[in-house]
Amino acid sequence: MTATLVAKDVAGGYAHRVLFEDLDLTVAPGDVVGVVGANGAGKSTLLRILAGDLAPLAGTVSRAPSDAFVGWLPQEHERVDGETVGAYVARRTGCAAAAAAMDAAAQAMADGDDVADEYAAALDHWLVTGAADLDERLPAVLADLGLGSDVLDPARAPMTGLSGGQAARVGLAALLCSRFDIVLLDEPTNDLDLDGLAVLEEVVAGMRGGVVLVSHDREFLARSVTRVLELDLAQHTNTVFGGGYESYLEEREVARRHRREEYEEYAERKADLVARARVQREWSSQGVRNAMKKNPDNDKMRKRAQSESSEKQAQKVRQMESRIARLTEVVEPRKEWVLEFTIGAAPRSSSVVSTLNDAVVRQGEFTLGPVSLQVNAGERIGITGPNGAGKSTLLKAVLGRVEPDSGTAALGANVAIGEIDQARGLFTGDQPLAARFEGLVPEYTTADVRTLLAKFGLKADHVDRPVDDLSPGERTRAALALLQARGTNVLVLDEPTNHLDLAAIEQLESALASYDGALLLVTHDRRMLANVNVDRRWHVENGRVTEL
């Protein structure tokens, strides 16, 4: 069915903090609305409110028709112990909940309850979700995504046994199998390779109903969205921009410039009037003193002069103050918090950082190689390839983390490696963030650690929490802070943009521009690969490495 979602005067956040308010949004069939903003601005909160999973602090969310099927796919692919791929897809598509509701109504009827209408409604919804033939449709969808029966059996394969890339593709399969009237997607591009991104873009473009999505993938936004909703945390505003993502960037810059110009014009005008009023007051006081000097012995003349001078100047002061009061106040735009950092430098390594010569690495049934390559000091290498192709295994071999089963591998001298791995593995566990960070940079005092983490937006309410309780974006910022604290001459970044907001991604690109060590960049972020000037490109597929 065609459906429309309407949010009116919506406020969202928590009891102690309002993240956004007075938000109006209409999502009609064919709309693809991209929600952007800094981490913590309330993007995921908004999706939960639109989905009906969270009540707004104020305002209303309505659907037309009222029984429109809204699907919300959260950011994290929640993996439940013992849940199979098929059960996961049934849950994500809403089929499992629909089946449970229909079974409950059927049981109530069998028990003699008068629930015929409830059962009919539950049956209709079960049919709408596509639950009737989900088991037949799913294998073909998985096969199209490279997860055919030779890779996994949806009825038996557990979700907890899948890699991040495989889980992302199963999430994409859930979207392909869904029959939602309106779709809410939270960071759908995370862990998808270039082929997966292409499929996702096709799916979004072919959606029969409206789509609201949160993403930090700039190229995906540019190719997919028809409108942009910006949640501006600094100004505490929300604005809908018509047109696509590139149009939004242009309009945002113009709007920000106009706000700044309006404030500067207001501040300059007000300062001028205040200064003139101050001069009038001084003249008034000076006039009285001059009158008293000219007529020191004539009380009558002196009082009249004092009165006339004081009244004239006071009238001018009042006029000036009235003009100041009539000025339309323009609030100064708040300065947006920006993550500013540099990558710590170590003394230069040997001219050859790493070499692989006919190296073969076997991990279970997967084989990388034979691979022969060399990484030189200061080289910038971009690495691409499908999920599961061997990119992470290649990095381990290049960095000397695994010994090749055949062939040779050698690491150069004075190599100081800085790394952000895909799992953000340095920041996992139940240790508080500050303690974990101190353990990684023992030369830093506790005060130094807290000061540095605060620069990266990790303040008092973050540093004492267990690392596992932090969001993926917060753990990524901690990893970036570590790069600044430590000296490095070989930088390895494996999907560094996952969970970073747009401003942080742009700052990372800026930091890379001034970094002069060797760089190994694994990314599916097409904008980043274009913006970071790489000297070489490696493509990894089926355990083979080719230079593009």
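Residues numbered from 1 in each chain as written. Predicted model: local features only at pLDDT ≥ 70, side-chain atom pairs only at ≥ 80, totals over all residues. Heavy atoms only, no water.

## A look at the overall build of the protein chain
Here's step 1: Along its length, the protein chain carries 17 helices and 18 strands.
Here's step 2: Its C-alpha radius of gyration of 31 Å places the protein chain more than 25% over the 24 Å reference for a compact globule of 548 residues.
Here's step 3: With the C-alpha coordinates of the protein chain rotated into their principal frame, the extents come out at 115 × 80 × 40 Å.
Here's step 4: With 548 residues in all, the protein chain has 46% of them scored as buried.
Here's step 5: Partitioning the contacts of the protein chain with sequence separation of at least 6, the portion at a separation of at least 24 is 72%.
Here's step 6: Total accessible area on the protein chain is roughly 26300 Å²; 48% of this is exposed by carbon and sulfur atoms.
Here's step 7: Across the protein chain, the 60 positively charged side chains and the 82 negatively charged ones have centroids separated by 13 Å. (Helix = DSSP H or I, 4+ residues; strand = E, 2+ residues; numbered from the N terminus. Rg over C-alpha atoms; globule rule 2.2 N^0.38 Å. Buried < 20%, exposed > 50% of the residue type's maximum accessible area, 1.4 Å probe, protein only. Contact = heavy atoms within 4.5 Å. Areas by Shrake-Rupley, 256 points an atom, 1.4 Å probe, with all protein chains shown as cover. Lys, Arg positive; Asp, Glu negative; His and termini not counted. Charge placed at Lys NZ, Arg CZ, Asp CG, Glu CD.)

## Observations concerning the UniProt feature "domain: ABC transporter" (unreviewed entry) in the protein chain
Here's step 1: The UniProt record marks residues 5-267 and 347-548 with the feature "domain: ABC transporter" (unreviewed entry), using the residue numbering of this structure.
Here's step 2: Secondary structure over residues 347-548 splits into 31% helix and 29% strand, and the C-alpha atoms at its two ends are 30 Å apart. (UniProt positions renumbered as here; feature names shortened; annotations may be inferred.)

## A closer look at the environment of G12
Here's step 1: Here G12 is to be found in strand 1 (residues 4-14).
Here's step 2: Considering only alpha carbons, one finds G12 and A55, 43 residues apart in sequence, at a separation of 8.2 Å.

## Concerning the side chain of Q507
Here's step 1: The topology assignment puts Q507 in helix 16 (residues 502-513).
Here's step 2: Residues within four places of Q507 in sequence aside, it is in contact with L339, E340 and F341.

## Some words on the pattern of salt bridges
Here's step 1: Following the criterion strictly, the structure yields 23 salt bridges and no others.
Here's step 2: The closest approach of N and O atoms between R401 and E419, which form a salt bridge, is 2.9 Å. Remark: E419 occurs in strand 14 (residues 417-420) and R401 occurs in the loop between helix 11 (391-398) and strand 13 (406-411); sequence separation between them is 18 residues.
Here's step 3: On the accessibility criterion, R401 (45% relative accessible area) is partly exposed.
Here's step 4: A single salt-bridge network, built from bridges that share partners, covers E201, D217, E219, R223, E246, R526 and R527. (Salt bridge = Lys/Arg side-chain N within 4 Å of Asp/Glu carboxyl O.)

## Regarding the packing of aromatic side chains
Here's step 1: Applying the stated criterion to the full structure yields 6 aromatic pairs.
Here's step 2: Centre to centre, the rings of Y263 and Y266 are 6.4 Å apart; their planes meet at 50°, and the pair counts as tilted. With a gap of 3 residues between them, Y263 and Y266 both fall in helix 9 (residues 245-294), about one helical turn apart. Of the two residues examined, Y263 and Y266, each falls in the buried class. (Phe/Tyr/Trp six-rings, centres within 6.5 Å; stacked < 30°, edge-to-face > 60°.)

## Some remarks on the sheet that holds strand 4 (residues 58-64)
Here's step 1: The antiparallel open sheet is built from 3 strands, whose spatial order is 2-1-4. In the strand order of this sheet, the two ends are held by strand 2 (17-27) and strand 4, each with one partner. Recorded for the sheet is a direction-independent mean angle of 15° between the axes of neighbouring strands.
Here's step 2: Note: strand 1 against strand 2, 7 bridges, orientation antiparallel. Of the residues in strand 2, the one forming a bridge with Y14 is R17. (Pairing = 2+ DSSP bridges. Axes fitted to C-alpha atoms, helices over the stretch in contact; angles between N-to-C directions.)

## So, the confidence of the model for the protein chain
Here's step 1: Across the protein chain, pLDDT averages 87, with 93% of residues at or above 70.
Here's step 2: When the elements of the protein chain are averaged for pLDDT, helix 10 (residues 299-326) gives the smallest value, 66, and strand 7 (residues 211-214) the largest, 96. (pLDDT = per-residue confidence, 0-100.)

## What about the packing of helix 6 (residues 164-177) against helix 7 (residues 194-205)?
Here's step 1: Contact geometry for helix 6 and helix 7: axes closest at 11 Å, N-to-C directions at 15°. Classified by the angle between their axes, helix 6 and helix 7 sit roughly parallel to one another. The chirality of how helix 6 crosses helix 7 is left-handed. Listed contacts from helix 7 to R169, L172, L175 and L176 of helix 6 are D195, G196, V199, L200 and V203. (Parallel < 35°, antiparallel > 145°, perpendicular 65-115°, else oblique. Left-handed = near helix turned anticlockwise from the far one by under 90°.)

## A short note on the sheet that holds strand 13
Here's step 1: The antiparallel open sheet is built from 3 strands, whose spatial order is 11-10-13. Among the strands making up the open sheet, the edge pair consists of strand 11 (366-376) and strand 13. Sheet twist, expressed as the mean angle between neighbouring strand axes with direction ignored, is 20°.
Here's step 2: Inspection of the sheet shows strand 10 (residues 352-363) paired to strand 13 by 5 bridges, in the antiparallel sense. When the bridges of strand 13 are listed, V360 appears paired with S406.

## Considering a negative patch on the surface
Here's step 1: There is a patch of like negative charges on the surface, built from D111, D113, D114, D117 and E118.
Here's step 2: As for its placement among the helices and strands, D113 is situated in the loop between helix 3 (95-110) and helix 4 (116-128). (Patch = residues over 30% accessible without salt bridge, like charges linked within 9 Å, V, L, I, M, F, W, Y side chains within 5 Å.)

## Quick notes on the packing of helix 5 (residues 134-144) against helix 6
Here's step 1: Where helix 5 contacts helix 6, the axes come no closer than 10 Å and their chain directions differ by 130°. The orientation of helix 5 with respect to helix 6, classified from their angle, is oblique. Helix-helix and strand crossings are classified by hand; for helix 5 and helix 6 the assignment is right-handed. Of helix 6, the residues touching helix 5 (which contributes L134, R137, L138, V141 and L142) are V170, A173, L176 and C177.

## Structural notes on unusual backbone geometry
Here's step 1: Across the junction of A64 and P65, the peptide omega takes the value 0°, indicating a cis bond.
Here's step 2: Of note, P65 is situated in the loop between strand 4 and strand 5 (70-73).
Here's step 3: Look at the link from G369 to P370: it is a cis peptide, with omega at 5°.
Here's step 4: Note that P370 resides in strand 11.
Here's step 5: At D22, a position not held by glycine, the phi torsion is positive, near 55°.
Here's step 6: Mapped onto the elements of the fold, D22 is located in strand 2.
Here's step 7: The class of D22 is exposed, set by a relative accessible area of 54%.

## Observations concerning the nonpolar core
Here's step 1: If you look at the biggest cluster of nonpolar residues, it comprises 47 residues, and the most contacted ones within it are V85, V89, L142, V170, L175, L185 and L213.
Here's step 2: Broken down by element, the residue count for this core peaks at 8 residues, all from helix 6.
Here's step 3: Among the nonpolar cores identified, the runner-up in size contains 39 residues, and I420, A434, L470 and A479 belong to it. (Core = buried A, V, L, I, M, F, W, Y, C linked by side-chain atoms within 4.5 Å.)

## Some thoughts on the side chain of D193
Here's step 1: Its location among the elements puts D193 in the loop between strand 6 (182-186) and helix 7.
Here's step 2: For D193, a relative accessible area of 1% corresponds to the buried category.
Here's step 3: Here the side chain of D193 touches R169 through a polar contact of 2.7 Å, side chain to side chain.
Here's step 4: At 2.8 Å, the side chain of D193 and the backbone nitrogen of N387 are in polar contact. (Polar contact = N/O pair within 3.5 Å; in protein donor to acceptor, adjacent residues only side chain to side chain.)

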